[in-house]
Amino acid sequence: MKYINAAEVLPERLLRELQTYIDGEILYIPKSSVKRQWGTVSGSRTFYQERNQEIRRLYREGVSIHTLTKQYGLAYCTIRKIIYG
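As a starting point, this report considers the structure included with it.

The rules behind the values
- Residues numbered from 1 in each chain as written.
- Predicted model: local features only at pLDDT ≥ 70, side-chain atom pairs only at ≥ 80, totals over all residues.
- Heavy atoms only, no water.
- Axes fitted to C-alpha atoms, helices over the stretch in contact; angles between N-to-C directions.
- Helix = DSSP H or I, 4+ residues; strand = E, 2+ residues; numbered from the N terminus.
- Parallel < 35°, antiparallel > 145°, perpendicular 65-115°, else oblique.
- Contact = heavy atoms within 4.5 Å.
- Nonpolar A, V, L, I, M, F, W, Y, C, P; charged D, E, K, R; others polar.
- 1 Å grid on protein atoms, 1.4 Å probe; cavity = no way out; pocket = protein on both sides within 12 Å on 5 of 7 lines; lining within 4 Å.
- Points joined across faces, edges and corners; volume = space filled by probe spheres on them.
- Phe/Tyr/Trp six-rings, centres within 6.5 Å; stacked < 30°, edge-to-face > 60°.
- Buried < 20%, exposed > 50% of the residue type's maximum accessible area, 1.4 Å probe, protein only.

Description of the packing of helix 4 (residues 65-72) against helix 5 (residues 76-84)
Taken N-terminus to C-terminus, the directions of helix 4 and helix 5 make an angle of 110 degrees; their axes are 9 Å apart at the nearest point. Classed by the angle they form, the pair helix 4 and helix 5 counts as roughly perpendicular. In this structure, helix 4 contributes I65, L68 and T69 to the contact, and helix 5 contributes Y76, I79, R80, I83 and Y84. Partitioning the contact of helix 4 with helix 5 into residue classes produces six nonpolar, one polar and one charged.

The structure is reproduced here in C-alpha coordinates:
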(Lines give C-alpha, C1' and ligand atoms only; values in the text may rest on other atoms or scores of the structure.)
Protein backbone atom coordinates (compact mmCIF):
# COMPACT_ATOMS: atom_id res chain seq x y z
CA MET A 1 0.00 0.00 0.00
CA LYS A 2 1.42 3.34 -1.04
CA TYR A 3 1.43 6.29 1.34
CA ILE A 4 0.12 9.55 -0.15
CA ASN A 5 0.13 12.92 1.61
CA ALA A 6 -3.47 14.17 1.64
CA ALA A 7 -2.30 17.79 1.37
CA GLU A 8 -0.89 16.97 -2.06
CA VAL A 9 -4.04 15.40 -3.53
CA LEU A 10 -7.11 16.76 -1.73
CA PRO A 11 -8.71 20.20 -2.07
CA GLU A 12 -7.96 22.43 0.90
CA ARG A 13 -11.58 22.58 2.05
CA LEU A 14 -11.87 18.78 2.12
CA LEU A 15 -8.52 18.48 3.89
CA ARG A 16 -9.65 20.87 6.64
CA GLU A 17 -12.90 18.91 7.05
CA LEU A 18 -11.01 15.62 7.42
CA GLN A 19 -8.64 17.23 9.95
CA THR A 20 -11.61 17.92 12.22
CA TYR A 21 -12.15 14.16 12.49
CA ILE A 22 -8.65 12.76 12.07
CA ASP A 23 -5.90 15.25 12.82
CA GLY A 24 -2.45 13.82 12.17
CA GLU A 25 -3.62 10.18 12.15
CA ILE A 26 -3.42 7.64 9.33
CA LEU A 27 -6.64 7.12 7.39
CA TYR A 28 -7.32 4.17 5.08
CA ILE A 29 -9.58 4.89 2.11
CA PRO A 30 -10.85 1.69 0.45
CA LYS A 31 -11.04 1.31 -3.31
CA SER A 32 -14.30 2.33 -4.89
CA SER A 33 -14.18 -0.49 -7.44
CA VAL A 34 -16.73 -3.28 -7.32
CA LYS A 35 -15.57 -6.31 -5.39
CA ARG A 36 -15.28 -9.40 -7.56
CA GLN A 37 -16.55 -12.80 -6.52
CA TRP A 38 -14.14 -15.42 -5.24
CA GLY A 39 -12.16 -17.15 -7.98
CA THR A 40 -13.27 -15.01 -10.91
CA VAL A 41 -9.86 -13.46 -11.52
CA SER A 42 -7.74 -16.59 -11.06
CA GLY A 43 -10.13 -18.96 -12.78
CA SER A 44 -10.54 -21.13 -9.68
CA ARG A 45 -14.30 -20.67 -9.69
CA THR A 46 -14.61 -22.08 -13.22
CA PHE A 47 -12.21 -24.93 -12.45
CA TYR A 48 -14.22 -26.12 -9.44
CA GLN A 49 -17.57 -25.72 -11.21
CA GLU A 50 -16.35 -27.88 -14.09
CA ARG A 51 -14.84 -30.44 -11.71
CA ASN A 52 -18.09 -30.68 -9.74
CA GLN A 53 -20.14 -31.10 -12.93
CA GLU A 54 -17.83 -33.92 -13.95
CA ILE A 55 -18.23 -35.60 -10.54
CA ARG A 56 -22.04 -35.38 -10.82
CA ARG A 57 -21.96 -36.78 -14.36
CA LEU A 58 -19.75 -39.71 -13.35
CA TYR A 59 -22.01 -40.47 -10.38
CA ARG A 60 -25.10 -40.46 -12.63
CA GLU A 61 -23.28 -42.88 -14.94
CA GLY A 62 -22.83 -45.31 -12.04
CA VAL A 63 -19.39 -44.53 -10.60
CA SER A 64 -19.47 -45.06 -6.82
CA ILE A 65 -18.75 -42.34 -4.30
CA HIS A 66 -15.87 -44.43 -2.97
CA THR A 67 -14.26 -44.51 -6.45
CA LEU A 68 -14.79 -40.76 -6.87
CA THR A 69 -13.07 -40.06 -3.53
CA LYS A 70 -9.99 -41.93 -4.72
CA GLN A 71 -10.05 -40.39 -8.20
CA TYR A 72 -10.38 -36.78 -7.02
CA GLY A 73 -8.60 -37.03 -3.66
CA LEU A 74 -11.61 -35.67 -1.79
CA ALA A 75 -13.30 -36.83 1.39
CA TYR A 76 -16.41 -38.99 1.18
CA CYS A 77 -18.59 -36.24 2.70
CA THR A 78 -17.23 -33.68 0.22
CA ILE A 79 -18.17 -35.87 -2.74
CA ARG A 80 -21.64 -36.36 -1.23
CA LYS A 81 -22.08 -32.59 -0.83
CA ILE A 82 -21.11 -32.05 -4.45
CA ILE A 83 -23.48 -34.76 -5.70
CA TYR A 84 -26.47 -33.92 -3.55
CA GLY A 85 -25.88 -30.19 -3.11
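Points about the layout of surface pockets
A volume near 670 Å³ is recorded for the largest pocket. Contributing to the lining of the largest pocket are 19 residues, with Y3, I4, A6, I26 and L27 lying nearest its centre. Taken together, the elements giving at least two residues each to the lining of the largest pocket come down to helix 1 (6-9) and helix 2 (12-21). Considering each element in turn, the lining of the largest pocket owes the most residues, three residues, to helix 2. Among the residues making up the lining of the largest pocket, the classes are represented as 13 nonpolar, three polar and three charged.

Description of the packing of aromatic side chains
Taken as a whole and judged by the stated rule, the model has three aromatic pairs. Ring geometry for W38 versus Y48: centroids 6.1 Å apart, planes at 25 degrees, classification stacked. Here W38 is found in the loop between helix 2 and helix 3 (44-60), whereas its partner Y48 is found in helix 3, with ten residues between them in sequence. What makes W38 exposed here is its relative accessible area of 57%. With relative accessibility at 35%, the residue Y48 sits in the partly exposed group. Taken together through their ring pairs, the aromatic side chains of W38, F47 and Y48 make up a single cluster.

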